Amino acid sequence: MTKKINIFSNHYDISEKVTERLIQEFKLHGYEANENFSPDADYNVVIGGDGTFIKACHDSDFSDIPFIGINTGHLGFYQEVPANNVELMVSRLINKEYQVQDIKLIDCSVFTEENSYNFLSVNEIVLKAKYTNIIHFNMYVNDILLQSFAGDGVIFSTPSGSTAYNLSAGGAMLYQALDGFQITPMAPIRSSLFRSLDKSLVVPSNTQIKLITRKREETFSSLGVDGMLQEFEDINYINITMSDKTIKKLVFDENWYWKNIKEKFI
Ligand code: NAP
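Here the structure is a predicted model, which means the values were calculated and not measured.

Rules behind the numbers
Residues numbered from 1 in each chain as written. Predicted model: local features only at pLDDT ≥ 70, side-chain atom pairs only at ≥ 80, totals over all residues. Heavy atoms only, no water. Helix = DSSP H or I, 4+ residues; strand = E, 2+ residues; numbered from the N terminus. Rg over C-alpha atoms; globule rule 2.2 N^0.38 Å. Buried < 20%, exposed > 50% of the residue type's maximum accessible area, 1.4 Å probe, protein only. Contact = heavy atoms within 4.5 Å. Areas by Shrake-Rupley, 256 points an atom, 1.4 Å probe, with all protein chains shown as cover. Lys, Arg positive; Asp, Glu negative; His and termini not counted. Charge placed at Lys NZ, Arg CZ, Asp CG, Glu CD. Near = heavy atom within 4 Å. Polar contact = N/O pair within 3.5 Å; in protein donor to acceptor, adjacent residues only side chain to side chain. Nonpolar A, V, L, I, M, F, W, Y, C, P; charged D, E, K, R; others polar. Salt bridge = Lys/Arg side-chain N within 4 Å of Asp/Glu carboxyl O. Phe/Tyr/Trp six-rings, centres within 6.5 Å; stacked < 30°, edge-to-face > 60°.

Q: If you had to explain the overall build of the protein to someone new, which residues and values would you point to?
A: Within the protein one finds 5 helices and 16 strands. Here the C-alpha radius of gyration of the protein, 20 Å, is about what a compact globule of 266 residues would show, namely 18 Å. In the protein, buried positions account for 51% of the 266 residues. Considering only contacts in the protein between residues 6 or more positions apart, those separated by 24 or more positions represent 70%. Accessible surface, the protein: about 12800 Å² in total, of which carbon and sulfur atoms supply 50%. Separation of charge centres in the protein, based on 24 positive and 34 negative side chains, amounts to 5 Å.

Structural data, given as structure tokens:
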């Protein structure tokens with residue numbers, strides 16, 4: 001049976017060129033690589049930046065097939081392989097010279113009067129007011145009312161998403177293998193009226209978060225799922241926790257994470 005590779009590309013010129021080279025290189029090793037997703041492929045190869053990687057996870061419905069990232073000129077936090085190194089990457093792939101790492105996902109369920117909606121995120125879930133007003137909600141942690149939040153919003157980020165929006169909002173970088181997630185407030189109000197938590201919290205993966213909107217007339221909320229906007233007019237409550245599902249990512253250099261942090265953030 002022909003061995004298969006799924007390719008996800010952002011279709012910029014450079015990515016198209018890398019795709020062509022990669023298809024030829026895989027063909028030499030008896031693999032059929034193309035952009036029509038096959039559920040029985042051996043690998044998912046993503047050509048582009050982090051945006052392309054995140055889109056590939058969502059478009060493949062969080063496929064269990066291991067992902068490999070080839071960076072074509074972006075920040076490329078998820079994209080380990082440089083575009084000029086694809087031949088070496090293919091040979092290391094064929095010889096199974098890699099480690100498999102888990103990318104943890106956040107699970108978010110939104111409950112409105114009539115429906116419920118479920119989302120998985122690779123980077124983060126962000127709850128914000130839809131307009132420029134303050135958003136108010138009660139945050140429960142494992143059924144304990146931890147805070148009545150008022151401010152711009154809150155970010156719930158995975159360890160590997162902690163270097164994205166979370167970092168810009170003042171959160172910490174979390175080592176990607178840590179078994180937990182981070183809650184980072186955005187412009188929290190600290191006054192005698194509102195006592196929102198103004199620092200990030202890092203919680204274990206089995207933590208159950210429940211957000212209950214506090215003023216029904218102000219429940220026009222935006223939910224950002226890995227930067228993709230979801231709008232709701234009547235949220236009753238939101239449940240957030242770590243998903244049991246993960247994305248498998250192949251890593252060729254065991255020190256890749258630290259090199260990435262050094263090169264891209266320091
Ligand atoms: P984008 O707006 O086109 O790009 C967002 C930037 O964040 C890109 O440079 C991207 O890298 C980088 N990035 C994505 N995930 C990352 C990670 N885990 N660690 C470090 N950098 C990362 O949107 P996009 O490419 O579709 O990415 C969506 C993400 O944008 C969201 O998940 C959110 O984290 C982020 N975002 C950040 C802010 C902010 O920092 N103020 C605001 C909104 C959204 P590439 O260049 O390699 O694509």
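Now that the structure is up, let's keep going.
Q: For the site of the ligand, give the residues involved together with the corresponding values.
A: Not every one of the 20 residues close to the ligand is listed here, only the nearest: Asp 50, Gly 76, Glu 124, Thr 163 and Ser 168. Asp 50 has a polar backbone atom sitting 2.8 Å from an oxygen atom of the ligand. Gly 76 places a polar main-chain atom, nitrogen or oxygen, 2.8 Å from an oxygen atom of the ligand. Contact with the protein chains covers 64% of the free accessible surface of the ligand, which is 840 Å². Broken down by secondary-structure element, the contributors of at least two residues to the shell around the ligand are helix 2 (50-59) and helix 4 (165-168). Element by element, the count of residues in the shell around the ligand is highest for helix 2, at 3 residues. Here the shell around the ligand is composed, by residue class, of 7 nonpolar, 10 polar and 3 charged.

Q: Tell me about the pattern of salt bridges, and please be specific about residues and values.
A: Evaluated as defined, the whole model comprises 9 salt bridges. Taking the shortest distance from any N to any O, the salt bridge between Asp 40 and Lys 4 comes out at 3.3 Å. Of this pair, Asp 40 sits in the loop between strand 2 (31-34) and strand 3 (43-48) while Lys 4 sits in strand 1 (residues 3-9); the two residues are 36 residues apart in sequence, bridging distant segments of the chain. Between Asp 102 and Lys 248 there is a salt bridge, and its shortest N-O distance comes to 2.8 Å. Of the two residues, Asp 102 sits in strand 6 (residues 99-112) while Lys 248 sits in strand 16 (residues 235-251), which places them 146 residues apart along the sequence. Taking the relative accessible area as the measure of exposure, Asp 102 reaches 34% and is therefore partly exposed. For Lys 248, a relative accessible area of 30% translates into the label partly exposed. Among the charged side chains, a network of salt bridges with common partners joins Arg 190, Asp 198 and Lys 199.

Q: Go over the environment of Ile 238 with me, naming the residues and quoting the values.
A: Position of Ile 238 among the secondary structure elements: in strand 16. Considering only alpha carbons, one finds Ile 238 and Met 228, 10 residues apart in sequence, at a separation of 17 Å. Once residues within four sequence positions are removed from consideration, Ile 238 is found in contact with Cys 108, Ser 109, Val 110, Leu 127, Ile 209, Lys 210, Leu 211 and Leu 223.

Q: An account of the packing of aromatic side chains is requested, with residue identities and associated values reported.
A: Tallying each qualifying case throughout the model produces 18 aromatic pairs. Arranged with centres 4.7 Å apart and planes meeting at 10 degrees, the rings of Phe 53 and Tyr 78 form a pair that is stacked. A residue pair is termed long-range when its members are at least 10 positions apart, and Phe 53 in helix 2 and Tyr 78 in the loop between strand 4 (67-71) and strand 5 (81-82) qualify at 25 residues. The two residues Phe 53 and Tyr 78 agree in class, both being buried.

Q: How would you summarise helix 2 if you had to cite specific residues and measurements?
A: Along helix 2, the positions that sit buried rather than exposed are Asp 50, Thr 52, Phe 53, Ile 54, Ala 56 and Cys 57. As for helix 2, its buried residues are in contact with strand 1, strand 3, strand 4, strand 6 and strand 16. Asp 61 occupies a position one or two residues after helix 2 and carries a positive phi of about 55 degrees.

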